[in-house]
Amino acid sequence: MASSDNPNVNISNNTQITTIQGVPSVTQQLQDKSAGVPLSDFVLQLEDYAPTIPDSVTAYYLNRAGFETSDPRIIRLISLAAQKFVSDIANDALQHCKMKASAGQSSKKQGKDKKFTLTMEDLTPAMAEYGINVKKPCYFI
Amino acid sequence: MSLDSDGNAVSRRKALKVAVAALCSEVGFGMAEDAVLETLTEALGSYIVEIGRSTRGITELACRTDSMVSDVVLGLVEMGLDIRGIPTHARRANKTVFIPPATSSQTQHPRTLQVGEKRHHPTHIPDHLPPFPDPHTYIKSDAIRQPFNEYQLIREKAATQKRDVERALTRFIAKTGETQSLFKDDVSAFPLIAVKPTPLPYLDALLPKDQDIDSLEQELQHRTKLAGTSDDERGPAGSAINGDSARGLQSQESADTDAIDNPYLRHTRMPSRKR
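Residues numbered from 1 in each chain as written. Chains lettered and ligands numbered in written order. Predicted model: local features only at pLDDT ≥ 70, side-chain atom pairs only at ≥ 80, totals over all residues. Heavy atoms only, no water.

(A) Just the overall build of chain A, in detail. Counting its secondary structure elements, chain A contains five helices and one strand. Taking all 141 residues of chain A together, the buried fraction comes to 38%. Across chain A, every contact between residues at least 6 apart in sequence was considered, and the portion connecting residues at least 24 apart equals 54%. With an accessible surface of roughly 8700 Å², chain A has 52% of that area assigned to carbon and sulfur atoms. (Helix = DSSP H or I, 4+ residues; strand = E, 2+ residues; numbered from the N terminus. Buried < 20%, exposed > 50% of the residue type's maximum accessible area, 1.4 Å probe, protein only. Contact = heavy atoms within 4.5 Å. Areas by Shrake-Rupley, 256 points an atom, 1.4 Å probe, with all protein chains shown as cover.)

(B) Region of interest: the overall build of chain B. The helix and strand tally for chain B stands at nine helices and three strands. The proportion of buried residues among the 275 residues of chain B is 21%. Considering only intrachain contacts with a sequence separation of at least 6, the fraction spanning at least 24 residues in chain B is 29%. Carbon and sulfur atoms form 56% of the exposed surface of chain B, whose accessible area is close to 22100 Å².

(C) Representation of the packing of aromatic side chains. In the structure shown here, the tally under the stated rule is four aromatic pairs over all chains. With a centroid separation of 5.9 Å and 90° between ring planes, the pair formed by Phe85 of chain A and Tyr130 of chain A is classed as edge-to-face. Taken together, the residues span a long stretch of sequence, with Phe85 of chain A in helix α4 (residues 72-104) and Tyr130 of chain A in the segment after α5 (120-129) at a distance of 45 residues. On the numbers, 3.9 Å between centres and 5° between planes, the contact of Phe85 of chain A with Tyr47 of chain B is stacked. Taken as a pair, Phe85 of chain A in helix α4 and Tyr47 of chain B in helix α2 (residues 34-61) lie in two separate chains rather than in one. Assessed through its relative accessible area of 7%, Phe85 of chain A is described here as buried. One aromatic cluster in this structure is built from Phe85 and Tyr130 of chain A together with Tyr47 of chain B. (Phe/Tyr/Trp six-rings, centres within 6.5 Å; stacked < 30°, edge-to-face > 60°.)

(D) Spotlight on unusual backbone geometry. One non-glycine residue, Cys63 of chain B, lies in positive phi territory at about 60°. For Cys63 of chain B, the position within the fold is in the loop between α2 and α3 (69-79).

(E) Examining α5 of chain A more closely. Within α5 of chain A, burial applies to Met120, Asp122, Leu123, Ala126 and Met127 of chain A. Down the axis of α5 of chain A, the buried set is contained in an arc of 150°. They therefore lie on one face. In α5 of chain A, the exposed residues that point more than 90 degrees away from the buried face are Glu121 and Glu129 of chain A. Contacts from the buried residues of α5 of chain A go to α4 and β1 (116-118) of chain A together with α2 of chain B. (Arc of directions from axis to C-beta.)

(F) Fine view of the pattern of salt bridges. All names here are of chain B. Across all of its chains, the model carries 13 salt bridges over all chains by this definition. The closest approach of N and O atoms between Glu38 and Arg13, which form a salt bridge, is 3.0 Å. Linking Glu38 in helix α2 with Arg13 in helix α1 (residues 7-27), this pair joins segments that are 25 residues apart in sequence. Of the charged contacts in the structure, one is a salt bridge between Lys17 and Asp34, with a shortest N-O distance of 3.1 Å. Here Asp34 lies in helix α2 and Lys17 lies in helix α1, a separation of 17 residues in the sequence. Salt bridges here are not isolated pairs; linked through shared partners, they connect Arg13, Lys17, Asp34, Glu38 and Glu42. (Salt bridge = Lys/Arg side-chain N within 4 Å of Asp/Glu carboxyl O.)

(G) Molecular detail of the interface of chain B and chain A. Of the residues lining the interface, 60 residues belong to chain B; the matching set on chain A comes to 49 residues. Across the chain B/chain A interface, buried area totals approximately 5000 Å², and carbon plus sulfur atoms make up 76% of it. On inspection of chain B and its partner chain A, the count reaches zero salt bridges. Our count for the chain B to chain A interface comes out at seven residue pairs in polar contact (both at pLDDT 80 or more). A total of 15 residues in the side of chain B that touches chain A trace back to one element, the largest contributor, which is α2 of chain B. (Buried area = accessible area lost by both parts, 1.4 Å probe. Polar contact = N/O pair within 3.5 Å; in protein donor to acceptor, adjacent residues only side chain to side chain.)

(H) Main features of the confidence of the model for chain A. Residues and elements named next belong to chain A. In this model, chain A carries an average pLDDT of 74, and 66% of its residues clear a pLDDT of 70 or more. Looking across chain A, the model is least confident in helix α1 (residues 26-32), with a mean pLDDT of 48, and most confident in helix α3 (residues 55-65), with 91. Taken as a whole, residues 1-15 scores under 50 in pLDDT and shows 17 contacts with residues more than four places along the chain or in a different chain. Across residues 28-32, confidence stays below pLDDT 50; counting only partners more than four residues off in sequence or on other chains, it has six contacts. (pLDDT = per-residue confidence, 0-100.)

(I) Region of interest: the confidence of the model for chain B. Residue and element names in this part refer to chain B. Predicted confidence across chain B gives a mean pLDDT of 76, with 72% of residues reaching 70 or more. Of all secondary-structure elements in chain B, the lowest mean pLDDT belongs to helix α8 (residues 234-241), at 47, while α2 reaches the highest, 93. Confidence drops under a pLDDT of 50 for residues 229-255, and excluding neighbours within four residues, the segment shows 16 contacts in the predicted structure. In the predicted assembly, ipTM is 0.72 and pTM is 0.53.

(J) Representation of the packing of α3 of chain A against α4 of chain A within the structure. Residue and element names in this part refer to chain A. Interhelical geometry of α3 versus α4 gives an angle of 90° and a closest axis separation of 10 Å. The angle between the axes of α3 and α4 places the two elements in the roughly perpendicular class. Each of Asp55, Thr58, Ala59 and Leu62 in α3 lies in contact with α4, whose residues at this interface are Ile75, Arg76, Ile78 and Ser79. The class makeup of the residues in the contact of α3 with α4 is four nonpolar, two polar and two charged. (Axes fitted to C-alpha atoms, helices over the stretch in contact; angles between N-to-C directions. Parallel < 35°, antiparallel > 145°, perpendicular 65-115°, else oblique. Nonpolar A, V, L, I, M, F, W, Y, C, P; charged D, E, K, R; others polar.)

(K) Examining the environment of Arg119 of chain B more closely. Here Arg119 of chain B lies in the loop between α4 (85-90) and α5 (151-176). Measuring from C-alpha to C-alpha, the distance between Arg119 of chain B and Pro131 of chain B comes to 8.1 Å, with twelve residues separating the pair along the chain.

Quick look at the structure:
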């Protein structure tokens, strides 16, 4: 591992990272405990893990994009990332829903509505934070 | 983005929708609008495709063909996902896993016009190619079947044929001619062909029959017509007295009358010439 702090040139034998100007060198990254390294360790644990999205479904969608791999752990990593994406949006929508519910109801009543319903009004601002603008017509001609 | 006409895509989309619903229920929602689920399903499908596309691009940019974890990580970072949360998300307590439905083979619609079994591919042809057509379309077999040479079979065949012929003939005569019955009550149970008594029964036993039965019968009819009913007795006696030569003449006559009766054996008639 190269120990110099030269941001331009980096020679490493283990990892295949090409550095760009301005990006810290490998040692700095290692010292920062970048997410790449623990993630690669985590991937090794993925062999027995079954994400919510089945492997075949994820593989089908990846094949449509031209992505083919023989390693199932990469597929599971991708499906986990996609799951996290959806689960983050759902969490934000839940926060919106709870805010509206707590603003509407007083504490004397049941408190929280145990069953939250995910509606478009909660989803739209949650998705807008992620850059997805959803506009659904309220009626169909 | 997804082709709704494609069966594969539809089934994958359904599985994706189920996964989205499972994730939403994990987060804490009890119910969700259908439009919301559809939106999230579409977003999820597009997200996966985008990850695949960008990962592939990064891999090929590095002059590789096999993708690695680092390519996926770079792709995710480029899309703005916080990858530190992935292990945390993976270790969540209430994760739901569902077994994807087993791929069911397409129901083979019964081929109504199929004749015989289709043959399998020989070993040099891979299995994913279309199957062979019905064997009768390309296999030629002889139309002539080899006759049975086994003695037992032939004997059996001859016996059954003989029995069938006898039965058929006796039935036919019983139904068209006069019948006598064995039982008093049931007339039609076992019909027997009625016996026609001949006037001089002992003659048939004494005299040899070495001529056509047809000609004898015809001669009888001929004689009875000429001589009338009174000469019934003399008919067969007359035929018995006459010698073989006369018999031969009579047979010839009857043969001639036979020929004349048959329109195809008549003598040709030349058209009358008028000059």
